[in-house]
Amino acid sequence: MIKYASDDLVVSAAPHVRTRLRVPLVMWVVSATLLPAIAWAGYVFGPWVLVVTAAAVLAAVVTELAITLLLRRPQTVSDGSAFLTGLLVACNMPATGWGVLPLYVPVVASIFAIAVAKHAFGGLGQNWINPALAGRIFVFFAWLPAMTGGWAGSPAFDVVSSATPLNLLKFQSGMMQDGLQAGSQAVLGMRLAPSHGDLFLGLTPGCIGEISAAALLLGGLILILLRIVNWEIPLTYIASTALFSWIFGGLAMTGQAPSFFTGDPLYHVLSGGLMLGAFYMATDWVTTPVSFGGRIVFALGCGILTVLIRLTGSNVEGVSFAIVLMNITVPLIERMFVPRRFGTSEGRAA
Amino acid sequence: MHPRDIGLDTMSSPIRNAFLPHYLYIPLQQHIGSPAEAVVAPGDVVSRGDVIGKASGYVSVNIHTPLPGKVIAVQDHVTATADRVPTVVIEVEGRFSLKGQVSRQTDAWKSLSRDEIISRMKEHGLVGMGGATFPMHVKYSVPADKKITTLLVNAVECEPFLSADNRLVIEHGEDLVTGIEIALKALGVNRAIIGFEADMPEAVARMRGLVANRSNIEVLVFPVKYPQGAEKQLVKAATGLEVPSGGLPLDIGVVVSNAGSLVALKEAVVDNKPLFERIVTVTGDAVEKPGNYKIAIGTRVADVLAEVGLKKKPARIIIGGPMMGLAQYSDQVPVTKGTSGILVLSARRAAVYRHRPCVRCGKCMTVCPMGLVPLLLVSRVELGMDDEAKKHGLLDCIECGCCSAVCPSERHLSQAIKLGKLRHVAKKREAAGD
Ligand code: SF4
Ligand code: SF4
C-alpha cells in the first residue's frame, strides 16, 4: 500500500479528465503538416524558399517574445501559435530563386502579423483578422513588385516562369487589365498555362505554400482526421469556388464567345493558393465562425468572393482578400446562428 | 461527446462484497432536503438495519446503520459535499449474518397500497442513487395536476469509468424488474422504458430476456454518448420530448429513476431491507484492484482504499466520476447513498489545467447537450454580467463538464458557469432575506 498524505491531494472542480488536444499541440501539429508543402517548394524552387521561411518564422517568434515581454503578458512562444503564424506568412511569400525576394518582405510581414494583427487586438484569440493574411496583404501593397514580379522558374524542373498560373489563364483569355504583370507578357507567346497535373504536383510558380495542391490536400486531410480542422469550411469553400468558376469563368475568356458554364473549375481549385486558403487560412479557429451553419455561410462567402475577385480584379490575391473580407463579417454571421437552447424555442439551429 | 474523445474507456467487473470496516461514519444528511435527526446517543448498541437518524420534515428520509456496533459519538464530520455534517460514529462489533440479506422473490408486496409503498420509501431511506439523492417518496408523490404516463428507468451509466449500473442489471435483473413493477404501482402508471447505452450488450440481453413476456416494459438502447445518462438527455432519447427549460420530467409526464434506486426499492419493499449499502465503482489509475464493490454506507474512503490497494500515489480522490465528481481534500469522507464511484487518479492522469484565452474553436458549443454557448456564457460570468448570462441559459447548464473537457485552451468553462449559478443562488437567498 502506497502511503500518502492529505497534502498530496489536489482539489479542483470537475471535469477532472480532459482532451489531450490542447492549443500548443494543435499549433505544432498544424505546423508539421505544412512542412511537406514547404519542403516541396524548396526542392522545386531552390533553397531561397527555405531561407525566406526561416526568416518569417524567426521574425514572428521574436516579435511574439518581445511583445509578451514588453507588455508583461504571459509568455506564449511555447504555445506554437507565433511559430505557426510565421510559417503561414512564409507560405504566402512568392517562391523565388536565390536572393530574388528581399528578406525584409517576409520579416515585415511577420512583424505586422504578430504585432498589429494579433497583439494590438489583445493577443491570441482576440484578433478578428487572420494574422498571416494581414501580413501578406500589408507587404503586398507595400512592395508590389517584389510580391508579384519575381515568380521563379525552377532550376529543378521545366517550370513556367514569371507569371502565376492564374495570371496566365487570364492572359490567355485576353482579360489583362491591370498592368501589374506587364512584364509577364513576354512569356505568353512561348508558353501555355501549366497543366492540371503540374498544378496538382506543384510544378508551377506561386507562393511557397500554395504551389503544391497535393501536399496541402494531404496536410489538410490529416488535420480534418485529427479534428483540428473542421471539414465543412474546406469542402464548402472548394466546392463553391469550383461551382462559381465553372458558371462564370467562361465570361472572362475571349478565346471564345463569353458564355456561362464554360469555366475551368479544376484550374481555379488547384491554383492561386485556394488549397492553402481553404485548409489553413479559412479554418483558423480564431477568425472564423464557431457554429456549423456559420461556417458554411462563411465558406460560401469566401468562394463567391474568391471567384469574383479573380475574374474581375487581382488574380493572385483572390483567396487572401476573400478570406479577410469574410473575417470582417464573422460577428454578423455568428449572430445568425445561435444554437437552440434545449427545452426552449429560443435561438436557431446551429 | 463520445468518452473516447477525451481518452476515457469504460470497464466493468463483477460486484464484490466489501470487507467490514472498524468504524462507520454515517452522516445524517445524505440526501437533498433537511437532515435526519439522530435518535441514538453515544453508548447505544445498534444492530444491522436500525434507524439511527429519523427523517425531519417532508423532504427528508431515515438513516440506518449497515452494521451492528456501538455508537461512540454523534459529531460533525466531513462529507463529499460539505465540511461539517452531523454524523453518527459507530464502532463495528457484534455479529450479524449475511444470510438475512438473501433476496427473495415473492408477490406479497402486491397487496400493498400506493401510499404504503411510498411511506416504505421514506422509512427505508430511499433516495435517487444516480447522484442527485433526491428523496424517492417525494418524487413518487406526484402532484395531482401532473399526469404521469411513463416511468423511465435509467440504466445508462451516468459517467465514463462508472460501471455499477451495468453490473447491477446483469446480476440483479430480476430484482430490477420487480422494482420497476413496484414503482409502476406507486405511480399508478403502466408503462416503463429501460434505457441502456450501446456498450452494455450483456445487460441489454439480460433485461430483454427478463421482460420478453411483459408488454408494459420496453428496453431501448441508445448510442454511447456522454451525457446520455443525464435526466433531460435520457428523456429526450427515450420519448423524443424535451423537458422545458426550468422544468422537470414530471412536466411532460415522465418520472425518471435510476436502476440502482429501483433495485433498492425492491429490497426495501420485498425484503424489508433499508438502504444502508450500495454498489460503488472504485477505479482510477492509482487503484490496484479496481472493480464494483458493495460497500456499507459510512465506510470511509481511506478504509476502502486500504482494501482495494493503491499502486500509485494518489493526486486526486474523486467522489463520483471524472466528469462531474467532487475532488476531495480528505480521505476521511464516508461513502453515502449518493456515492456512485470513487475515482483515484495519479498525478499523471490528473493534470492541472491552465485556462488559456479562448481560441474560438467552437468545440464547447458543439458538445454542449443543452444548446448553450459556453464560450460566451463564461465571458459574461467573468465580467460579472450575471443577468445577461441568465438570459443566455446560465441556469439551464446541467454541469456535465463536456465543454471544459474538450476545450483546447483548457478553459474552466463548466467551472465558471457553476460559479455563476452559485452567485445566482446566493443573490436569491440574499433577496429572500436569508
Ligand atoms: S457544463 Fe453546462 S455549458 Fe458545459 S457542456 Fe455541460 S451543459 Fe453545456
Ligand atoms: S472550446 Fe475553449 S477555445 Fe474552443 S470556443 Fe470553447 S472556450 Fe473557446
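Residues numbered from 1 in each chain as written. Chains lettered and ligands numbered in written order. Predicted model: local features only at pLDDT ≥ 70, side-chain atom pairs only at ≥ 80, totals over all residues. Heavy atoms only, no water.

Visitor: Could you give me a rundown of the overall build of chain A, with the residues and numbers involved?
Guide: When helices and strands are counted, chain A shows 15 helices and zero strands. Partitioning the contacts of chain A with sequence separation of at least 6, the portion at a separation of at least 24 is 73%. A total accessible area of about 13,700 Å² is found for chain A, and carbon and sulfur atoms account for 71% of it. (Helix = DSSP H or I, 4+ residues; strand = E, 2+ residues; numbered from the N terminus. Contact = heavy atoms within 4.5 Å. Areas by Shrake-Rupley, 256 points an atom, 1.4 Å probe, with all protein chains shown as cover.)

Visitor: Before we move on, can you summarise the site of ligand 1 with the specific residues and values?
Guide: Residue and element names in this part refer to chain B. Surrounding ligand 1, one finds 14 residues, the nearest of these being Cys368, Cys397, Cys400, Gly401 and Cys403. Elements represented by at least two residues in the shell around ligand 1 include exactly helix H12 (402–406) and helix H13 (413–431). Here the residues of the shell around ligand 1 are counted per class, giving eleven nonpolar, two polar and one charged. (Near = heavy atom within 4 Å. Nonpolar A, V, L, I, M, F, W, Y, C, P; charged D, E, K, R; others polar.)

Visitor: Tell me about the pattern of salt bridges, and please be specific about residues and values.
Guide: All told, the structure shown has 27 salt bridges over all chains when counted by the stated rule. B:Asp396 is the partner of A:Arg341 in a salt bridge, and the nearest nitrogen-oxygen pair spans 3.0 Å. With A:Arg341 in the segment after helix H15 (318–336) and B:Asp396 in the loop between helix H11 (386–391) and H12, this residue pair bridges two chains. For the pair shown, A:Arg341 and B:Asp396 are each scored as buried. The salt bridge involving B:Lys421 is made with B:Glu399; its shortest N-O contact spans 3.0 Å. Placement of B:Lys421 in helix H13 and of B:Glu399 in the loop between H11 and H12 is noted, with a sequence separation of 22 residues between them. What emerges from the salt-bridge pattern is a single network uniting A:Arg340, B:Lys236 and B:Glu242. (Salt bridge = Lys/Arg side-chain N within 4 Å of Asp/Glu carboxyl O. Buried < 20%, exposed > 50% of the residue type's maximum accessible area, 1.4 Å probe, protein only.)

Visitor: An account of the sheet that holds strand S13 (residues 277–283) of chain B is requested, with residue identities and associated values reported.
Guide: Strands belonging to one sheet form pairs held by backbone hydrogen bonds; the direction of such a pair is parallel or antiparallel. All names here are of chain B. Strand order in this open sheet of six strands is S1-S14-S13-S17-S15-S16, and the pairing throughout is mixed. Lying at the two open borders of the sheet, with one neighbouring strand each, are strand S1 (15–17) and strand S16 (326–328). Averaged over neighbouring strand pairs, the angle between their axes works out to 30° when direction is ignored. Taken together, the three bridges between S1 and strand S14 (residues 291–296) define a ladder with parallel strand orientation. (Pairing = 2+ DSSP bridges. Axes fitted to C-alpha atoms, helices over the stretch in contact; angles between N-to-C directions.)

Visitor: Account for the packing of helix H11 (residues 232–248) of chain A against helix H13 (residues 274–281) of chain A, with residues named and values stated.
Guide: All names here are of chain A. At a closest axis distance of 8 Å, the pairing of H11 and H13 adopts a crossing angle of 155°. Considering their axes alone, H11 and H13 lie roughly antiparallel with respect to each other. Two packed elements cross with a definite hand, and for H11 against H13 that hand is right-handed. Here H11 contributes Ile233, Pro234, Tyr237, Ile238 and Thr241 to the contact with H13, which in turn contributes Leu274, Met275, Gly277, Ala278 and Phe279. Residue composition of the contact of H11 with H13, by class: eight nonpolar, two polar and no charged. (Parallel < 35°, antiparallel > 145°, perpendicular 65-115°, else oblique. Left-handed = near helix turned anticlockwise from the far one by under 90°.)

Visitor: Could you give me a rundown of the site of ligand 2, with the residues and numbers involved?
Guide: Near ligand 2, the surroundings consist of B:Cys358, B:Val359, B:Arg360, B:Cys361, B:Gly362, B:Cys364, B:Leu375, B:Cys407, B:Pro408, B:Ser409, B:Arg411 and B:Leu413. Residues that form the shell around ligand 2 fall into these classes: eight nonpolar, two polar and two charged.

Visitor: Which residues make up the environment of B:Lys185, and what values go with them?
Guide: Residues and elements named next belong to chain B. Locating Lys185 in the fold gives a position in helix H4 (residues 173–187). The exposure class assigned to Lys185 is partly exposed, which follows from its relative accessible area of 29%. Taking the C-alpha atoms as reference, Lys185 lies 8.7 Å from Lys110; in sequence the two are 75 residues apart. Setting aside residues up to four positions removed in sequence, Lys185 forms contacts with Trp109, Lys110, Leu112, Arg114 and Ile117. A polar contact is formed between the side chain of Lys185 and the backbone oxygen of Leu112, at a distance of 2.8 Å. (Polar contact = N/O pair within 3.5 Å; in protein donor to acceptor, adjacent residues only side chain to side chain.)

Visitor: So, the packing of aromatic side chains: which residues are in play, and what are the values?
Guide: Residues and elements named next belong to chain A. Considering all chains together, one arrives at twelve aromatic pairs over all chains under this definition. Ring centres 4.8 Å apart and planes at 70° place the aromatic pair Trp48 and Trp98 in the edge-to-face group. On the criterion of sequence distance, the pair formed by Trp48 in helix H2 (residues 48–70) and Trp98 in the loop between helix H3 (81–91) and helix H4 (104–118) is long-range, its members being 50 residues apart. On the basis of relative accessibility, which here comes to 59%, the residue Trp98 falls in the exposed class. Three or more aromatic residues joined by ring pairs make a cluster, and in this case those are Phe140, Phe141 and Phe321. (Phe/Tyr/Trp six-rings, centres within 6.5 Å; stacked < 30°, edge-to-face > 60°.)

Visitor: Account for the domain arrangement of chain A, naming residues and giving values.
Guide: Residue and element names in this part refer to chain A. Here chain A is partitioned into domain 1 (20–148) and domain 2 (165–336). Contact with domain 1, which involves 37 residues of that partner, is made by 38 residues of domain 2. Connecting domain 1 to domain 2 are zero salt bridges. Scanning the region where domain 1 abuts domain 2 turns up six residue pairs in polar contact (both at pLDDT 80 or more). (Domains from an automatic or database assignment.)

Visitor: Which residues make up a nonpolar patch on the surface, and what values go with them?
Guide: Residues and elements named next belong to chain A. On the surface, a nonpolar cluster with roughly 560 Å² of combined accessible area is contributed by Leu243, Trp246, Phe248, Leu251, Phe260 and Phe261. Inspection of the secondary structure assignment puts Phe261 in the loop between H11 and helix H12 (265–270). Judged by relative accessible area, which is 46%, Phe261 ranks as partly exposed. (Patch = residues over 30% accessible without salt bridge, like charges linked within 9 Å, V, L, I, M, F, W, Y side chains within 5 Å.)

Visitor: Describe the nonpolar core, and please don't skip the residues or the numbers.
Guide: The biggest cluster of nonpolar side chains holds 77 residues, and the ones touching the most others in it are A:Leu34, A:Met93, A:Tyr237 and A:Tyr280. For this core, the element with the most residues is helix H1 (residues 23–45) of chain A, which contributes ten residues. Residues from two domains meet in this core; each of domain 1 (20–148) and domain 2 (165–336) of chain A gives at least three. The next biggest cluster of nonpolar side chains, apart from the first, holds 52 residues, and it includes B:Val153, B:Ala183, B:Phe196 and B:Val263. (Core = buried A, V, L, I, M, F, W, Y, C linked by side-chain atoms within 4.5 Å.)

Visitor: Requested: an account of the interface of chain A and chain B, with residues and values cited.
Guide: Every contact between the two is made by 44 residues of chain A and, on the other side, 71 residues of chain B. Summed over the three residues of chain A that lose the most area to chain B, namely A:His16, A:Arg18 and A:Phe342, the buried surface amounts to 20% of that side. Applying the counting criterion to the chain A and chain B interface returns four salt bridges. Among the ionic pairs, B:Lys313 bridges to A:Asp8, the shortest N-O distance being 3.6 Å. Along the contact surface separating chain A from chain B lie 26 residue pairs in polar contact (both at pLDDT 80 or more). (Buried area = accessible area lost by both parts, 1.4 Å probe.)

Visitor: Can you lay out the sheet that holds strand S9 (residues 150–154) of chain B for me, pointing to particular residues and giving the numbers?
Guide: Residues and elements named next belong to chain B. A sheet is described by the order of its strands in space; here four strands give the open sequence S11-S10-S9-S12, paired in parallel fashion. The open sheet has two free edges, formed respectively by strand S11 (217–222) and strand S12 (254–258), since each of these has just one partner strand. Across this sheet, the average inter-strand angle for adjacent strands is 25°, counted without regard to direction. As paired elements, strand S10 (residues 192–197) and S11 share six bridges and run parallel to each other. For Ala192, the partnering residue across the bridge sits in S11 and is Ile217.

Visitor: So what's going on with the environment of B:Met129? Residues and values would help.
Guide: Residue and element names in this part refer to chain B. Topologically, Met129 is positioned in the loop between helix H1 (114–123) and helix H2 (136–140). With a relative accessible area of 6%, Met129 lands in the buried category. A sequence separation of 131 residues divides Met129 from Gly260, and the C-alpha atoms of the two residues are 6.2 Å apart. Discounting chain neighbours no more than four positions away, the residues touching Met129 are Asn258, Gly260, Ser261, Ala264, Leu275, Arg278 and Lys337.

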